[in-house]
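The lines below spell out each chain.
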Amino acid sequence: MKHKLREAPIKWKLLAAFAGFTLAMLALLWTFQVVLLDQFYKGIKTRDITSAAQVLTEHANDEDLDSLAQSLAAQYELCVMVQNTQGNVLVSADTLPDCRIHKMNNLQLFQLYQMAVANGGRYVERITKDPAVVLIHGMEMQILQPRYNSEKESMILVQILDSPEGEEGDRILLLNSVLSPVNATVQTLRIQLLLVTFLMIGVSLVLSLILSRRLARPIAKVNESAKLLAGGNYDTRFDGGGYREIAELNETLNHMAEELSKVEGLRKELLANISHDLRTPLTMITGYAEMMRDLPGEGTPENIQVIIDEASRLTRLVNDLLDLSKLQAGVQELTVERLNLTEMIQSILKRYAKLTEQDGYQIEVTLAENVWVDADESKLSQVIYNLINNAINYTGPDNRIMVRLTCREDWARVEIQDTGIGIPSDQLHYVWDRYYKLDRTHKRAAVGTGLGLSIVKNVLEMHKARFGADSVVGRGSTFWFELPLSETE
């Protein structure tokens with residue numbers, strides 16, 4: 001059951017949430033407006049009668065005591081009476097249709113006065129249909145016989161006031177308040193709550209259905225498009241909005257579909273290129289080997305050298321693929337040591353002397369002297385080899401390549417520049433991708449496999465180096481990287 005609930009459609013979960021919220025709010029309304037109405041009303045009226053008694057006690061000797069009593073009686077719906085022990089009524093205010101204190105005889109009033117005297121000057125009596133309950137200093141004392149019958153629960157507060165100088169006897173303050181809510185009011189509230197209950201349930205159902213449908217529809221549409229994308233349809237488009245989050249999700253998924261489509265195309269192109277790169281040397285090796293087997297006198301050193309060269313080319317291709325896979329898998333570690341970058345580049349460039357002599361390549365070199373860095377010598381050499389090979393593959397008709405080593409603040413900067421066709425700015429960030437190749441018909445030098453830039457990127461990232469490429473279409477490209485200078489020993 002729990003598993004099914006977790007997999008329920010979002011519209012039903014939203015509907016259940018709305019229904020639960022509505023029921024909770026209705027339960028609170030019924031609890032406070034009906035179940036607890038009597039307790040709330042009694043608490044408020046008790047507070048009102050106590051506050052009125054305190055104000056009248058403080059202003060007992062004021063000349064405008066009568067107007068103050070009238071005001072408080074109207075404000076709190078009370079009956080107020082002040083009389084002296086001789087039975088003379090000094091102040092009277094009546095706002096209740098069934099005021100108890102104004103209907104009491106002198107004996108009943110005298111009994112209340114005696115109870116107040118006995119209890120330190122204040123006496124509170126709560127009158128119900130049952131025998132009256134007397135509150136003395138917070139303690140309840142039940143009187144067996146009520147002073148009079150009552151259809152409504154009410155409260156009488158008796159307070160002995162200080163008499164002005166020259167006046168004999170005490171003055172007595174009596175206040176009467178009804179504690180039971182009016183039946184008509186309670187019935188009205190119940191009818192209103194019934195109407196509100198049915199209205200809120202209906203509105204919540206309609207709103208939840210509308211909102212759940214609006215929310216679920218674009219999500220369901222995204223889900224269907226995602227299934228098509230998972231099936232290999234990279235032309236799938238994620239459309240529809242409704243909400244900002246869903247619109248942003250659609251944009252993200254559309255971008256992902258575009259990137260997957262590019263990666264898939266580049267993957268197919270890579271397989272085609274690698275197949276071509278493997279087929280060409282294998283064809284050469286097979287052809288020369290068969291010729292040497294079938295034709296007398298063809299086992300010359302030149303033919304054997306062709307087989308060796310093509311086999312070496314195959315070895316370089318396989319090694320580069322393995323190196324790239326290991327770098328991307330993170331299984332290779334750096335052996336960092338302090339090395340002279342200037343001498344390392346000079347040593348590498350000496351190996352291109354034959355290439356410059358035979359094919360007419362011009363490698364212009366500008367190197368700062370004795371530049372020391374902390375790096376893995378073999379892997380950094382691989383970076384420089386691959387950048388130079390890339391420049392040789394793509395340089396222009398003038399066959400010029402520029403190699404520069406400079407120092408900028410605390411960084412050593414290596415730049416390899418060619419004079420080729422350049423790379424469009426919108427494609428420049430793809431050059432480091434293992435599947436990317438700008439020109440399928442580019443020429444190849446005697447060295448290089450076409451995977452060099454991917455290897456360069458991974459090695460430089462392992463060194464935490466800064467690197468990049470700058471290019472102008474028709475004028476060539478410059479690939480560069482920077483390493484921190486080694487601290488002087």
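Quick look at the structure, then. (Residues numbered from 1 in each chain as written. Predicted model: local features only at pLDDT ≥ 70, side-chain atom pairs only at ≥ 80, totals over all residues. Heavy atoms only, no water.)

### Considering the overall build of the protein
Turning to step 1, where the next piece is worked out: A count of helical and extended segments in the protein gives 12 helices and 14 strands.
Turning to step 2, where the next piece is worked out: Residue burial in the protein is summarised as follows: out of 489 residues, 37% are buried.
Turning to step 3, where the next piece is worked out: The long-range fraction of contacts in the protein, counting pairs at least 24 apart against all pairs at least 6 apart in sequence, stands at 67%.
Turning to step 4, where the next piece is worked out: In the form shown here, the protein has an accessible surface area of approximately 28600 Å², with 55% of it arising from carbon and sulfur atoms. (Helix = DSSP H or I, 4+ residues; strand = E, 2+ residues; numbered from the N terminus. Buried < 20%, exposed > 50% of the residue type's maximum accessible area, 1.4 Å probe, protein only. Contact = heavy atoms within 4.5 Å. Areas by Shrake-Rupley, 256 points an atom, 1.4 Å probe, with all protein chains shown as cover.)

### Some thoughts on helix α3 (residues 37-58)
Turning to step 1, where the next piece is worked out: When the terminal C-alpha atoms of α3 are compared, their 32 Å separation across 22 residues agrees well with the 32 Å that a helix rising 1.5 Å per residue should span.
Turning to step 2, where the next piece is worked out: Those residues of α3 lying buried are Leu37, Lys45, Asp48, Ile49, Ala52, Ala53 and Leu56. For α3, the angular spread of buried residues about the axis comes to 130°, placing them on one side. Residues of α3 that are exposed and point more than 90 degrees away from the buried face comprise Arg47 and Glu58. (Expected span 1.5 Å × (residues − 1). Arc of directions from axis to C-beta.)

### Considerations on the packing of aromatic side chains
Turning to step 1, where the next piece is worked out: Across all of its chains, the model carries four aromatic pairs by this definition.
Turning to step 2, where the next piece is worked out: Between the aromatic rings of tyrosine 352 and tyrosine 385, the centroid separation amounts to 6.2 Å while the plane-to-plane angle is 40°, which identifies the pairing as tilted. Separated by 33 residues along the polypeptide, tyrosine 352 in the loop between α9 (341-350) and α10 (353-359) and tyrosine 385 in helix α11 (residues 377-394) bring together distant segments of the chain.
Turning to step 3, where the next piece is worked out: What makes tyrosine 352 buried here is its relative accessible area of 4%.
Turning to step 4, where the next piece is worked out: Here tryptophan 432 and phenylalanine 467 contribute two aromatic rings whose centre-to-centre distance is 5.1 Å and whose plane-to-plane angle is 80°, an arrangement assigned as edge-to-face. Of this pair, tryptophan 432 sits in the loop between β12 (411-418) and α12 (452-462) while phenylalanine 467 sits in strand β13 (residues 466-472); the two residues are 35 residues apart in sequence, bridging distant segments of the chain. (Phe/Tyr/Trp six-rings, centres within 6.5 Å; stacked < 30°, edge-to-face > 60°.)

### Some points on the packing of α9 against α11
Turning to step 1, where the next piece is worked out: It is the contact of α9 with α11, at a shortest axis distance of 11 Å, that shows an interaxial angle of 50°. One way to sum up the angle between α9 and α11 is to call them oblique. Crossing hand, α9 versus α11: right-handed. Contact residues: α9 offers Leu341, Met344, Ile345, Ile348 and Leu349, while α11 offers Glu377, Leu380, Ser381, Ile384, Tyr385 and Ile388. (Axes fitted to C-alpha atoms, helices over the stretch in contact; angles between N-to-C directions. Parallel < 35°, antiparallel > 145°, perpendicular 65-115°, else oblique. Left-handed = near helix turned anticlockwise from the far one by under 90°.)

### Comments concerning the sheet that holds strand β9 (residues 362-367)
Turning to step 1, where the next piece is worked out: If you trace the five strands from one edge of the open sheet to the other, you get β9-β11-β12-β14-β13, paired in mixed fashion. Two strands lie at the open edges of the sheet, namely β9 and β13, each paired on one side alone. In this sheet, neighbouring strand axes are inclined to one another by 15° on average, regardless of whether the strands run parallel or antiparallel.
Turning to step 2, where the next piece is worked out: Bridge count between β12 and strand β14 (residues 476-484): seven bridges; the pairing is antiparallel. Bridge pairing in β14 places arginine 413 opposite glutamate 482. (Pairing = 2+ DSSP bridges.)

### Quick notes on the pairing of strand β1 (residues 79-84)
Turning to step 1, where the next piece is worked out: In terms of burial, β1 is largely enclosed, as six of its six residues are buried.
Turning to step 2, where the next piece is worked out: On β1, burial covers both faces: Cys79, Met81 and Gln83 on one face and Val80, Val82 and Asn84 on the other are all buried.
Turning to step 3, where the next piece is worked out: Inspection of the sheet shows β1 paired to strand β7 (residues 171-178) by six bridges, in the antiparallel sense. Looking across to β7, one finds that valine 82 is bridged to leucine 173.

### Thoughts on a nonpolar patch on the surface
Turning to step 1, where the next piece is worked out: Taken together, Phe21, Met25, Leu28, Phe32, Leu36, Phe40 and Ile44 make up a surface patch of nonpolar side chains, about 630 Å² in accessible area.
Turning to step 2, where the next piece is worked out: Secondary structure elements with two or more residues in the nonpolar patch: α2 (10-35) and α3.
Turning to step 3, where the next piece is worked out: Ranked by residues supplied to the nonpolar patch, first place goes to α2 with four residues.
Turning to step 4, where the next piece is worked out: Relative to the helices and strands, phenylalanine 21 resides in helix α2. (Patch = residues over 30% accessible without salt bridge, like charges linked within 9 Å, V, L, I, M, F, W, Y side chains within 5 Å. Salt bridge = Lys/Arg side-chain N within 4 Å of Asp/Glu carboxyl O.)

### Let's talk about the pairing of β7
Turning to step 1, where the next piece is worked out: Burial runs high along β7: eight of the eight residues are buried.
Turning to step 2, where the next piece is worked out: Burial of the side chains of β7 extends over both faces: Arg171, Leu173, Leu175 and Ser177 are buried on one face and Ile172, Leu174, Asn176 and Val178 on the other.
Turning to step 3, where the next piece is worked out: As judged from the eight bridges shared by strand β6 (residues 154-161) and β7, these two strands associate in the antiparallel manner. Bridge pairing in β7 places methionine 155 opposite serine 177.

### Describing the nonpolar core
Turning to step 1, where the next piece is worked out: Counting 38 residues, the largest nonpolar core has Leu341 and Phe481 as the members making the most contacts within it.
Turning to step 2, where the next piece is worked out: Of all the secondary structure elements, the ones that give two or more residues to this core are α9, β10 (372-375), α11, β11 (400-408), β12, α12 and β14.
Turning to step 3, where the next piece is worked out: A total of seven residues in this core trace back to one element, the largest contributor, which is α11.
Turning to step 4, where the next piece is worked out: Apart from residues no more than four positions distant in its own chain, phenylalanine 481 is found in contact with Leu380, Val383, Ile384, Leu387, Ala412, Arg413, Val414, Leu460, Arg466 and Phe467. (Core = buried A, V, L, I, M, F, W, Y, C linked by side-chain atoms within 4.5 Å.)

### Points about unusual backbone geometry
Note on backbone geometry: most residues besides glycine have negative phi, and most peptide bonds are trans.
Turning to step 1, where the next piece is worked out: Unusually for a residue other than glycine, glutamate 409 sits at a positive phi of about 55°.
Turning to step 2, where the next piece is worked out: The residue glutamate 409 is located in the loop between β11 and β12 in this model.
Turning to step 3, where the next piece is worked out: Here the phi dihedral of lysine 464 falls at roughly 55°; this positive angle occurs in a residue that is not glycine.
Turning to step 4, where the next piece is worked out: Its place among the elements puts lysine 464 in the loop between α12 and β13.

### Focus on the environment of glutamate 258
Turning to step 1, where the next piece is worked out: With respect to the element layout, glutamate 258 can be found in helix α7 (residues 244-294).
Turning to step 2, where the next piece is worked out: Given the relative accessible area of 37%, glutamate 258 is considered partly exposed.
Turning to step 3, where the next piece is worked out: Put simply, glutamate 258 and aspartate 235 are 23 residues apart on the chain and 7.8 Å apart in space, counted from C-alpha to C-alpha.

### A word on the packing of α11 against α12
Turning to step 1, where the next piece is worked out: Taken N-terminus to C-terminus, the directions of α11 and α12 make an angle of 145°; their axes are 9 Å apart at the nearest point. The chirality of how α11 crosses α12 is left-handed. Where α11 approaches α12, its residues Lys379, Gln382, Val383, Asn386, Leu387 and Asn390 are matched on the opposing element by Gly452, Leu453, Ile455, Val456, Val459 and Leu460.
Turning to step 2, where the next piece is worked out: In the contact of α11 with α12, the residues fall into seven nonpolar, four polar and one charged. (Nonpolar A, V, L, I, M, F, W, Y, C, P; charged D, E, K, R; others polar.)

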